[in-house]
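# A look at the structure
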Amino acid sequence: MKQARKKNTRTAEGAMKKRKGSAAVFTKKRVIIGAVALVLVLAAFFGVLVAVNAYRNSGKGIRDVVILKSEHFELTVPMFSYYVRLMGVDKTQYMGMAEVLMERMMIYEAAVADGVTLSEEENAQLEQKMTLLAYDAEKEKMGMDEYLSVTYGRGVKLADIRRFEQMLALSRVKGETILKDIAATEEELVQYCKENGDDFLFCDFLFPLIEVPFTEGMTTAEKEALVEEYEGYANEMAESESAEQLLERYAECLGKIQKARGEEELTEQDLAGILARADYTRQSYKDSLSSELAIDAWLFSTDRKVGDGKVQKGGSIDKAMTFGVFYMTRPLYTNTDLTDTVYDIVVPFSVYTTAAAEANIKKVEQLYKSAPDEQTLKDLALQYSGGLSENYICSSSTDDTLLLWLKQERKVGDTMTYKAEDGWHFVCYQEKGLPECYAQAKQLLDGKELDARMEAYAKEHRVSMDTAGFQKIPALRYGWLIFG
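Residues numbered from 1 in each chain as written. Predicted model: local features only at pLDDT ≥ 70, side-chain atom pairs only at ≥ 80, totals over all residues. Heavy atoms only, no water.

### So, the overall build of the protein chain
The helix and strand tally for the protein chain stands at 18 helices and 12 strands. A burial count over the protein chain gives 38% of its 484 residues as buried. Contacts in the protein chain between residues far apart in sequence, at least 24 positions, make up 72% of those at least 6 positions apart. Here the protein chain displays about 28100 Å² of accessible surface, and carbon together with sulfur accounts for 53% of that area. (Helix = DSSP H or I, 4+ residues; strand = E, 2+ residues; numbered from the N terminus. Buried < 20%, exposed > 50% of the residue type's maximum accessible area, 1.4 Å probe, protein only. Contact = heavy atoms within 4.5 Å. Areas by Shrake-Rupley, 256 points an atom, 1.4 Å probe, with all protein chains shown as cover.)

### Points about the packing of aromatic side chains
Within this structure, the stated rule accounts for 11 aromatic pairs. Here Phe207 and Phe326 contribute two aromatic rings whose centre-to-centre distance is 4.6 Å and whose plane-to-plane angle is 45°, an arrangement assigned as tilted. Linking Phe207 in the loop between strand E3 (201–206) and strand E4 (209–211) with Phe326 in strand E7 (residues 321–334), this pair joins segments that are 119 residues apart in sequence. What makes Phe207 partly exposed here is its relative accessible area of 28%. Members of the aromatic cluster, each reached through a chain of ring pairs, are Tyr82, Tyr83, Tyr152 and Phe164. Positioned above the aromatic ring of Phe214 is the side chain of Lys223, whose terminal nitrogen or guanidinium carbon lies 5.2 Å from the ring centre. (Phe/Tyr/Trp six-rings, centres within 6.5 Å; stacked < 30°, edge-to-face > 60°. Lys NZ or Arg CZ within 6 Å of the ring centre and 35° of its normal.)

### Focus: the environment of Leu226
Counting through the fold element by element, Leu226 comes out in helix H8 (residues 220–238). On a C-alpha basis, the gap between Leu226 and Pro213 in space is 7.9 Å, while along the polypeptide they are 13 residues apart.

### Structural notes on the pairing of strand E1 (residues 66–69)
In terms of strand pairing, E1 meets strand E2 (residues 74–76) through 3 bridges, oriented antiparallel. Bridged to Lys69 within E2 is Glu74. Remark: 4 residues form the turn of the hairpin made by E1 and E2, two consecutive strands paired antiparallel. Note that E1 and strand E12 (residues 464–465) share 2 bridges and pair antiparallel. The residue bridging Lys69 from the neighbouring strand is Ser464, located in E12. (Pairing = 2+ DSSP bridges.)

### Remarks on a negative patch on the surface
Together, Glu236, Glu239, Glu244, Glu248, Glu252 and Asp279 make up a region of like negative charge exposed at the surface. With respect to the element layout, Glu236 can be found in helix H8. (Patch = residues over 30% accessible without salt bridge, like charges linked within 9 Å, V, L, I, M, F, W, Y side chains within 5 Å. Salt bridge = Lys/Arg side-chain N within 4 Å of Asp/Glu carboxyl O. Lys, Arg positive; Asp, Glu negative; His and termini not counted. Charge placed at Lys NZ, Arg CZ, Asp CG, Glu CD.)

### Some thoughts on the nonpolar core
The biggest cluster of nonpolar side chains holds 65 residues, and the ones touching the most others in it are Leu75, Phe80, Phe164 and Tyr352. In terms of residue count, helix H3 (residues 94–113) provides more of this core than any other element does, 10 residues in total. Not counting residues within four places of it along the chain, the set of residues in contact with Phe80 comprises Ile67, Leu75, Tyr94, Met97, Ala98, Leu101, Phe470 and Ile473. Grouped together as the second largest cluster of nonpolar side chains are 24 residues, Leu206, Phe214, Tyr230 and Ile257 included. (Core = buried A, V, L, I, M, F, W, Y, C linked by side-chain atoms within 4.5 Å.)

### Overview of the pattern of salt bridges
Under the definition given, this model contains 13 salt bridges. In this structure, the salt-bridge partner of Asp340 is Lys432, at a minimum N-O distance of 3.1 Å. Placement of the pair is Asp340 in strand E8 (residues 338–348) and Lys432 in strand E11 (residues 423–435), with a sequence separation of 92 residues. Looking at Asp340, the relative accessible area reads 11%, which means it is buried.

### Comments concerning the packing of helix H2 (residues 77–87) against H3
Here H2 crosses H3 at 110°, and the two axes come no closer than 11 Å. As the angle between them shows, H2 and H3 are arranged roughly perpendicular. In the crossing of H2 with H3, the sense of the turn from one axis to the other is right-handed. From H2, Phe80, Tyr83, Val84 and Met87 reach across to H3, where they touch Tyr94, Met97, Ala98, Val100 and Leu101. Each residue belonging to the contact of H2 with H3 can be placed in one class, and the counts come to 9 nonpolar, no polar and no charged. (Axes fitted to C-alpha atoms, helices over the stretch in contact; angles between N-to-C directions. Parallel < 35°, antiparallel > 145°, perpendicular 65-115°, else oblique. Left-handed = near helix turned anticlockwise from the far one by under 90°. Nonpolar A, V, L, I, M, F, W, Y, C, P; charged D, E, K, R; others polar.)

### Some thoughts on unusual backbone geometry
Even without being a glycine, Lys141 presents a positive backbone phi close to 60°. Take Lys141: it is sitting in the loop between helix H4 (120–139) and helix H5 (144–152). The exposure class of Lys141 is exposed, given its relative accessible area of 79%.

### A look at the packing of helix H6 (residues 158–182) against helix H14 (residues 374–384)
Contact geometry for H6 and H14: axes closest at 11 Å, N-to-C directions at 115°. Crossing of H6 against H14: the hand is right-handed. Of the residues in H14, those in contact with Leu168, Arg172 and Glu176 of H6 are Gln375, Lys378, Asp379 and Leu382. Its residues assigned to classes, the contact of H6 with H14 shows 2 nonpolar, 1 polar and 4 charged.

### Re helix H15 (residues 400–407)
Residues three or four positions apart in an α-helix share a direction because the helix packs 3.6 residues into each turn. Buried within H15 are the following residues: Leu402, Leu403, Trp405 and Leu406. Here the buried residues of H15 occupy an arc of 160° about the axis, which is enough to place them on one side. (Arc of directions from axis to C-beta.)

### A word on the side chain of Asp344
In this structure, Asp344 sits in strand E8. One buried charge, Asp344, has no salt-bridge partner; the nearest side chain with opposite charge is Arg410, at 14 Å. Reaching out from Asp344, the side chain makes a polar contact with the side chain of His425 at a distance of 3.1 Å. (Polar contact = N/O pair within 3.5 Å; in protein donor to acceptor, adjacent residues only side chain to side chain.)

### Things to note about the pairing of E8
Burial runs high along E8: 10 of the 11 residues are buried. Note: E8 against E11, 10 bridges, orientation antiparallel. Each residue of the ladder has a partner; that of Pro348, found in E11, is Gly423.

Below you can see the structure in the form of structure tokens.
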């Protein structure tokens, strides 16, 4: 009996060992199968990514998607991708860039309708761009398709760029012709100025502004005494014997104001800036007609003469008080001063982000420095600004930075880069231009004619946008994670 129990016990122990062994083997098999399955899933997922990216790199999904369409030109996604990468804008600016290209295509259609063609030189410039792309691809040790895909967007081909650049070049040639066609003649300018004489009447004056230095805790009596003191300074300025004497007195008054406020003396640079703003003001008679200010009647009185001065009080003793001094330097006159002509390339904030605008204006500077001629200006303007603007800079311009630059002696070819409210500007000085009254008339007449011409083109050469196609631009659909 005992032997039977021992035998049964051994048999049970053996069975348990067998079960444990079988379980271990089964567990190992499950781990191996699971690992193999995971590898297969990852491999499949990776294969899908590779296939999708290969498909995307080939451009098969977007090559034929049209964004803008006119009678003789279709702007596809690869063309648009090339353009926005070239211009350095992000997807928030895409719609603005599409609107710019709609206008370019409109002018292109007008060029085709008129039989405009590119000259041998212009064709050679186009081929040079293609050659440079090939050079860049070789330098990066890439094939052309790979280089264009990496640099300008997936699916971009050399044929897309060539066709697109041809459209831009032809629209530029036509655009130059349009500007020549609409330019007002000298006879038209003279006639306009005769008929609208009041539009070109001006007066020039100095305008130093004094703010009475009230300080915290002052009593009403103390404030009244201070107002009387600074009104006296203002009257002294208004009675100055010359503009130079007035500015000297103004500088002294500014020093007193700083001292009264317990502030540090103005630096020479700060003082120069304040005096520069007071040094020159021009008022248009036309603007004064819509003004209800009594000072305008004084400014444009036929009795005014050089050296006349008038003080105008503003504000209240409870808050702040000022005294403005108007000091006549050039009474009522028709402005025939010669304007300064500059070529102006604007990289606008309405199209570019702040960073992109700054980066592009630096490119403009560098590229113009390497080839400083008019053709380079035109090419750069077309690329970054939509076209080159020849501006007659009038002394009534509100752009202080440009006016101060022009006050210095300038020669043909001088350049300056500066930031304004509308964007970054690169200006190149040309020469003395039309008398200011004619320059202003020209801007008005040419502007009206250009608006009318573009309105006619919009009706005759319709450019339509495919909204669905626009939304298929990869950056708008997917973001950067896989598709970029």
